[in-house]
Amino acid sequence: MIDSRHKCVANITTMEGATEASASARDTSADPGAAGGPAADHAPLRVAVAGTGFIGVVHAHAARRAGARLVGVAASSASSAREAAQALGADRGFADAESMVTAADVDVVHICTPNNLHAPLAHAALAAGKHVICEKPLAVDRDEAADLVRAADAAGVVAVVPFAYRFYPLVREARTRVAAGAIGPVRLIHGCYLQDWLATEGDDNWRVDPERGGPSRAFADIGSHWCDLVEFVTGDRLAAVCAEAVTAVPERVSAGDSHAFEGRVRARTDGIRRAVATEDIMVVLFRTRRGVAGSVVVSQVSPGRKNRLQFEVAGADATLSFDQEQPEFLWVGRRDVAEVVPRDPAHLAAEAARYAVLPPGHPQGYQGCFDAFVADTYEAIRAGSAAAVDGLPTFADGARAADITAAVLRSTRTNRWEDVP
Ligand SMILES: NC(=O)c1ccc[n+]([C@@H]2O[C@H](COP(=O)([O-])OP(=O)(O)OC[C@H]3O[C@@H](n4cnc5c(N)ncnc54)[C@H](O)[C@@H]3O)[C@@H](O)[C@H]2O)c1
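So, a few notes on the structure that sits alongside this text. What you see is a predicted model, and the numbers here were worked out from it, not measured in a lab. (Residues numbered from 1 in each chain as written. Predicted model: local features only at pLDDT ≥ 70, side-chain atom pairs only at ≥ 80, totals over all residues. Heavy atoms only, no water.)

**Thoughts on the side chain of Glu418**
Operational definition: Numbering goes from the N terminus for both helices and strands, where a helix is a DSSP run of H or I of at least four residues and a strand is a run of E of at least two. We call two N or O atoms a polar contact when they sit within 3.5 Å, provided that within protein one can donate a hydrogen and the other can accept it, with sequence-adjacent residues counted only if both atoms are side-chain atoms. Only heavy atoms enter the contact rule, under which two residues are in contact if any of them lie within 4.5 Å.
On the secondary structure map, Glu418 appears in strand E17 (residues 418-419). Among the polar contacts listed, one links the side chain of Glu418 to the side chain of Thr414, at a separation of 2.8 Å. Not counting residues within four places of it along the chain, the set of residues in contact with Glu418 comprises Ala239, Ala240, Val241, Ala407, Arg410 and Ser411.

As structure tokens, then:
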């Protein structure tokens, strides 16, 4: 079954013009290696996307906006891949993700499948010399994530993880201000990442199943974004955590293969009930390497909160607050006055203005972050190194998130503070 969200992406205009948009989806029997060999330097990168649910579509859109050629897609079956290829304007649907990630005519592989498939697909792609964009969590445990970092280093390719919230212009502005000392020494970091799409027992997704999602759900899924973002903005790192996990919905009614964020009006009652083994809520106290105290509340069961990733960094002189649901503004508070800084490139640091692609007052949003992240990744591929582009989240950052998640899970078991390596 194809995700209905594909429909709105079928007519994307790419930087290269309409040529890819009009490419017809071929049968999976088409020879994947027909146009094999590396792409010429001037030619569009040839990319392939594994997993065509919520985020796979966002990736496909971003890839084409960045001027890549969407060579193919893979989904949970050959027929759904064919259907997705047609809807997304990809050259073809592959019979399976395994054959796609090693296909001779693919330069860059985007892995957008359920979490348990990240590591095997990324290893296969790296072994075949592909550049890899692998969704978070990079792997379902820290050993697997560390293995992937080693494999990416050995392959000498660009290997990145979409911590895409880094690409909001006002996140870059906050980072630049903190680094420049504009808020003074940081004293406190706190915030939340709240959603409601898993709030009732009728809400289900593969993420709830530890076999597919991994041993942590809410924290690995969205808490990892929050931690990456505050480490990115402050330049500091979490050193120890003390965590409390809550499974607020102890049983859920199975929804088969439903896609992420498919909100239902009425709770499902007609499926198989199963016990939930992963957390809906994680509350974490932390201290950083520089000795700053902080906390974060992560929840996928907070009614009315859709995707509220919010952080606040208080320095001795000023406080910065950012909410990804209102990404056009950064709140800056001082003792005498508070101001709201709009996303106006004329008044932002160069590091932030670079990501302001529309005039102020013409809102940029979530898809824009992915467009910027993918464009930067392709730029790094052209330059030959992820280090060539400032702020690109690499596999090392993905492994860092796995280290934090492991420490948080340990703390929930030991009821003690646990160090983060
Ligand atoms: N970076 C972000 O901001 C962000 C946001 C959302 C999701 N994600 C990550 O992206 C991944 C996918 O999440 P989603 O929300 O798109 O889920 P989803 O359920 O909407 O989509 C998953 C897709 O994977 C496909 N799939 C399942 N088994 C497959 C297989 N064997 N081969 C190929 N495809 C297969 C499914 O058909 C489906 O299209 C997860 O790892 C998630 O953590 C990241």
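**Observations regarding the pairing of strand E13 (residues 308-315)**
Two faces, one strand: in a regular strand the side chains alternate between the faces of the sheet. Operational definition: Each residue gets one of three labels from its accessible area relative to the maximum for its type: buried under 20%, exposed over 50%, partly exposed in between, using a 1.4 Å probe on protein chains only. One bridge is not enough; two strands pair if DSSP finds at least two bridges between them.
E13 sits mainly inside the fold: six of its eight residues count as buried. Examined bridge by bridge, strand E7 (residues 186-194) and E13 share eight bridges and lie antiparallel to one another. Its bridge partner lying in E13, Val186 is registered against Gly315. Bridge count for E13 against strand E14 (residues 319-323) is five bridges, and the pairing is antiparallel. Opposite Ala314, over in E14, you have Thr319 as the bridge partner. Following E13, the chain reverses through three residues before pairing antiparallel with E14.

**Let's talk about a nonpolar patch on the surface**
What counts, and what does not: Patch criteria: residues need more than 30% relative accessible area and no salt bridge. Like-charged residues are merged within 9 Å; nonpolar side chains of Val, Leu, Ile, Met, Phe, Trp and Tyr are merged within 5 Å. Only the protein chains shown count as cover for residues, with accessible areas throughout obtained via the Shrake-Rupley method and a probe of 1.4 Å. Within this document, salt bridges are pairs made up of a side-chain nitrogen of Lys or Arg and a carboxyl oxygen of Asp or Glu, the two lying within 4 Å of each other.
A cluster of nonpolar side chains, contributed by Phe329, Trp331 and Val340, occupies part of the molecular surface with about 290 Å² of accessible area. Turning to its location among the elements, Trp331 is positioned in strand E15 (residues 329-333). A relative accessible area of 36% places Trp331 in the partly exposed class.

**What to know about the packing of helix H8 (residues 218-234) against helix H11 (residues 395-414)**
For the record, the criterion: Convention adopted: a line fitted to C-alpha atoms gives each axis, helices being fitted over their contacting stretch, and angles between N-to-C directions are expressed from 0 to 180 degrees. When the near helix sits turned anticlockwise from the far one by under a right angle, the crossing is termed left-handed; a clockwise turn instead gives a right-handed crossing. Under the convention adopted here, Pro, Cys and the residues Ala, Val, Leu, Ile, Met, Phe, Trp and Tyr are nonpolar, Asp, Glu, Lys and Arg are charged, and Gly plus all remaining residues are polar.
Two elements in contact, H8 and H11, have axes separated by 9 Å at closest approach and are oriented at 115°. Classified by chirality, the crossing of H11 by H8 is right-handed. Packed against H8, whose contacting residues are Phe219, Ala220, Ser224, Cys227, Asp228 and Glu231, the element H11 presents Asp397, Arg400, Ala401, Ile404, Thr405 and Val408 at the interface. Classifying every residue of the contact of H8 with H11 gives six nonpolar, two polar and four charged.

**Points about the site of the ligand**
Rule in force here: A single heavy atom is enough: if one lies within 4 Å of a molecule or strand, its residue is considered near that molecule or strand.
Looking at the ligand, there are 27 residues lining it, with Asn115, His118, Lys136, Trp206 and Arg207 nearest. Here an oxygen atom of the ligand and a backbone polar atom of Phe54 are 2.9 Å apart. At 3.2 Å, a backbone N or O of Thr113 approaches an oxygen atom of the ligand. When isolated, the ligand has an accessible area of 840 Å², and the protein chains bury 91% of it. Where the shell around the ligand is concerned, the elements lending two or more residues are helix H1 (54-65), H8 and helix H10 (366-383). Per-class residue counts for the shell around the ligand are 14 nonpolar, nine polar and four charged.

**Looking at the pattern of salt bridges**
Overall, the coordinates contain 25 salt bridges when judged by the stated rule. Notably, a salt bridge pairs Lys136 with Asp221, separated by 2.9 Å at the nearest N-O pair. One end of the pair, Lys136, is in the loop between strand E5 (131-134) and helix H5 (142-155); the other, Asp221, is in helix H8, with 85 residues separating them in the sequence. Like Asp221, Lys136 is buried. Notably, a salt bridge pairs Arg252 with Asp280, separated by 2.8 Å at the nearest N-O pair. Here Arg252, found in strand E9 (residues 251-253), pairs with Asp280, found in the loop between strand E10 (273-275) and strand E11 (281-288); they are 28 residues apart in sequence, far enough to count as distant. Each of the two residues, Arg252 as well as Asp280, counts as buried.

**Comments concerning the nonpolar core**
Applicable threshold: Put simply, a nonpolar core is a bunch of buried Ala, Val, Leu, Ile, Met, Phe, Trp, Tyr and Cys residues held in one set by side-chain atoms that sit within 4.5 Å of each other.
Counting 79 residues, the largest nonpolar core has Trp226, Phe311 and Tyr378 as the members making the most contacts within it. Of all the elements, H8 adds the most residues to this core, at nine residues. Residues contacting Tyr378, with those up to four places away along its chain left out, are Leu45, Val47, Ala63, Ala66, Ala68, Val108, His110 and Ile133. Counting residues in hydrophobic clusters, the runner-up holds 33 residues, among them Val101, Ala125, Phe395 and Ala402.

**Things to note about the packing of aromatic side chains**
Just so we agree on the cut-off: In this analysis, rings of Phe, Tyr and Trp, with Trp reduced to its six-membered ring, are considered paired at centre separations within 6.5 Å, and the interplanar angle assigns stacked below 30 degrees, edge-to-face beyond 60, and tilted for intermediate values.
In total, this model carries ten aromatic pairs according to the counting rule given. Where Phe54 meets Tyr366, the ring centres are 6.1 Å apart and the plane angle is 15°; that geometry is what we call stacked. Residue Phe54 is located in helix H1, and its partner Tyr366 is located in helix H10; the two are separated by 312 residues in the primary sequence. The class of Phe54 is partly exposed, set by a relative accessible area of 25%.

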